[in-house]
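Spelled out, the chains give:
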Amino acid sequence: MLLGSQMTSEESPERLARLGRGLCILALHELGDLDSANDVAQETLARITIAYHEGRLDDARFRDDAQLGAFARGIARHVIVDVIRSRMRTVATDSSTIAMVESPAADPLTALVSREQECAIHDALKTLSPADRALLRMTFFENATSEQVAERLHEPAARIRKRKERALERLRRAFLHPQSHTSVAAPTSFRSTLSLEPSRASGVG
Amino acid sequence: MQYLPLTCDDVERSSLAGRFLARTLPLDDAERFESHFLTCERCQHALTLGATTRAALRESSHVATTAASAAVASVHMARASPSHRWWIPMSAAAAALIAVLGYRAGNASTRSLQPLGAVTQAPVYLGVPVRAGNDERGIAVFDSAMTEYAAQRWQSSAQLLRAAIAAGKSDSPSHFFLGAALLMRADARDAIAAFSEVISAGSTPYTSEALLYRAKAHLQLREGAEAAADLARLIDRDVTADDVPSGVSAHARALRDSIRVVGVR
């Protein structure tokens, strides 16, 4: 496969690796299985690289995240639709595809998550107050924004936003550092808290 | 189509990652968000973390999952009931696949409507009954009913509210909370009747929410057109009246968009 080493930018390999992860997430979200998602990501990256060499994606557009993202998304969507069409042609003889699509199992993106990360999130959730877990449920299952939650709870939006940020930050730390997730349960573990990476602006979005 | 690029702050402010995972983003928002996260490591982390958190929250909910446990959105966090929505991803995934393939099968669309009617918490009762002009016994029964309501004993609350109405307290609060209690018991048809009583009474502080929850009840019954009509009426009311809470209005608009996403116009 063509890869970033053929691009002129020094940061190309890292940017393409990040783009590859994004493509895998998008395809996994739509298709539900990791093998197909990886295939879509590889095929899309290959087409992007070819477009770059053919001049259809110039260096300025490649360096601009917004333009590269939009360009990659357009290609990825075509590749994903091709995969779905091919599945439809074989659906009569391959019932497993339907079973996959209709399965009530966990979100397909969890296929990208290690067992350690899953356990870390479970443990971190247990350290949250029932109220904060309820807040996350509203966020993740009812898709409520901080303002909507605040409206329901008759609390200031800023307070809800702060609580949500703290809860998500705790989960994020556990997620990014699963080997040290037990420290989340121990508020006095000052040393382990310091060892965590600097907090980024929080929010699952 | 060219869109203004998103920032991570936009993503956070509009809960785009969570809505993307729930497959409730309108198509143009989904397109913008996808273009953004493809090159954004932070939002990629947010998506995988969000998916893992959703799965963990779902697993932590031990209450049996039935259509009967669908309930109304609301206020009091301490009373948060476990999520009953493991079936949302199933229907949403099917809906997304159908949308990508460019056709809409009637059964699939109506099947996808039902989760949109799901609710997890009853609307809160603030304990300020309007007593003017009501029979004393009706008020006493109403108070008892709302004690049961606060304790989430829906059947008992509904029975007492019916008794209060029969005893003369046939006003908007009684019918509204009867509808809410019935909705919590997944008795969507009777809930619709109760909310209709509120709506037919004209403009009261309960009218907007009655429209919203009647729409939810219709969705539980897979009556997308009726739900869409109630939401349209509520959104119109938001334009012409000044008593629609912003949270109710925002919820109605989001729900209307979601209905459109699953194919009911």
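Residues numbered from 1 in each chain as written. Chains lettered and ligands numbered in written order. Predicted model: local features only at pLDDT ≥ 70, side-chain atom pairs only at ≥ 80, totals over all residues. Heavy atoms only, no water.

### Quick look at the overall build of chain B
Helices and strands together make up the secondary structure of chain B, namely 13 helices and 0 strands. For chain B, with 265 residues in total, the buried portion stands at 57%. Here the contacts in chain B between residues at least 6 apart in sequence split such that 64% fall between residues at least 24 apart. By element, 53% of the accessible surface of chain B is carried by carbon and sulfur atoms, the whole surface being about 10,800 Å². (Helix = DSSP H or I, 4+ residues; strand = E, 2+ residues; numbered from the N terminus. Buried < 20%, exposed > 50% of the residue type's maximum accessible area, 1.4 Å probe, protein only. Contact = heavy atoms within 4.5 Å. Areas by Shrake-Rupley, 256 points an atom, 1.4 Å probe, with all protein chains shown as cover.)

### What about the pattern of salt bridges?
This model, assessed by the stated rule, comprises 23 salt bridges over all chains. A salt bridge links R77(A) to E34(B), with the shortest nitrogen-to-oxygen separation between them at 2.6 Å. Highlighted residues: R77(A) in helix α4 (residues 65–90) and E34(B) in helix α3 (residues 27–37), drawn from two different chains. Summarising the burial analysis for this pair, R77(A) and E34(B) share the class buried. The closest approach of N and O atoms between R162(B) and D190(B), which form a salt bridge, is 3.6 Å. Of this pair, R162(B) sits in helix α8 (residues 154–166) while D190(B) is found in helix α10 (residues 188–200), placing the two residues 28 residues apart along the sequence. The class of R162(B) is partly exposed, set by a relative accessible area of 39%. Shared partners join several salt bridges into a network, and the residues in it are E30(A), R73(A), R77(A) and E34(B). (Salt bridge = Lys/Arg side-chain N within 4 Å of Asp/Glu carboxyl O.)

### Comments concerning the packing of helix α7 (residues 136–150) of chain B against α8(B)
All names here are of chain B. Running from amino to carboxyl end, α7 crosses α8 at an angle of 165°, the nearest separation of the two axes being 8 Å. Taken together, α7 and α8 sit at an angle that is classed as roughly antiparallel. In the crossing of α7 with α8, the sense of the turn from one axis to the other is left-handed. Facing G138, V141, F142, S144, A145, M146, E148 and Y149 of α7, the residues of α8 in contact are W154, S156, S157, L160, L161, A163 and A164. Per-class residue counts for the contact of α7 with α8 are 10 nonpolar, 4 polar and 1 charged. (Axes fitted to C-alpha atoms, helices over the stretch in contact; angles between N-to-C directions. Parallel < 35°, antiparallel > 145°, perpendicular 65-115°, else oblique. Left-handed = near helix turned anticlockwise from the far one by under 90°. Nonpolar A, V, L, I, M, F, W, Y, C, P; charged D, E, K, R; others polar.)

### Quick look at unusual backbone geometry
Positioned with a positive phi, H154(A) is a non-glycine residue whose angle comes to about 55°. Mapped onto the secondary structure, H154(A) falls in the loop between α8 (146–153) and α9 (157–176). Owing to a relative accessible area of 57%, H154(A) belongs among the exposed residues under this scheme. Here R222(B), not a glycine, exhibits a phi torsion of approximately 65°, which is positive. With respect to the helices, strands and loops of the structure, R222(B) is situated in the loop between α11 (207–220) and α12 (224–240).

### Observations regarding the nonpolar core
By size, the foremost hydrophobic cluster in this structure holds 46 residues, and its most contacted members are Y149(B) and F176(B). Broken down by secondary-structure element, the contributors of at least two residues to this core are α6 (106–116), α7, α8, α9 (172–184), α10, α11, α12 and α13 (246–261) of chain B. A per-element tally of this core places α9(B) first, with 8 residues. Not counting residues within four places of it along the chain, the set of residues in contact with F176(B) comprises P123(B), F195(B), V198(B), Y206(B), E209(B), A210(B) and Y213(B). By size, the runner-up hydrophobic cluster in this structure holds 44 residues, among which are L19(A), L26(A), C8(B) and A30(B). (Core = buried A, V, L, I, M, F, W, Y, C linked by side-chain atoms within 4.5 Å.)

### A word on the confidence of the model for chain B
Residues and elements named next belong to chain B. The pLDDT averaged across chain B works out to 75; a share of 74% of its residues lies at or above 70. Confidence, read as mean pLDDT per element, is least for helix α5 (residues 87–101) in chain B (35) and greatest for α10 (93). For this predicted complex, the interface score ipTM comes out at 0.73, alongside a pTM of 0.49. (pLDDT = per-residue confidence, 0-100.)

### Some remarks on the environment of R214(B)
Residue and element names in this part refer to chain B. Take R214: it is sitting in helix α11. By relative accessible area, which is 12% here, R214 ends up buried. Along the primary structure R214 and G117 are separated by 97 residues, whereas in three dimensions their C-alpha atoms are 9.5 Å apart. Beyond its immediate chain neighbours, meaning those up to four positions away, R214 contacts I192, F195, S196, I199, D230 and R233.

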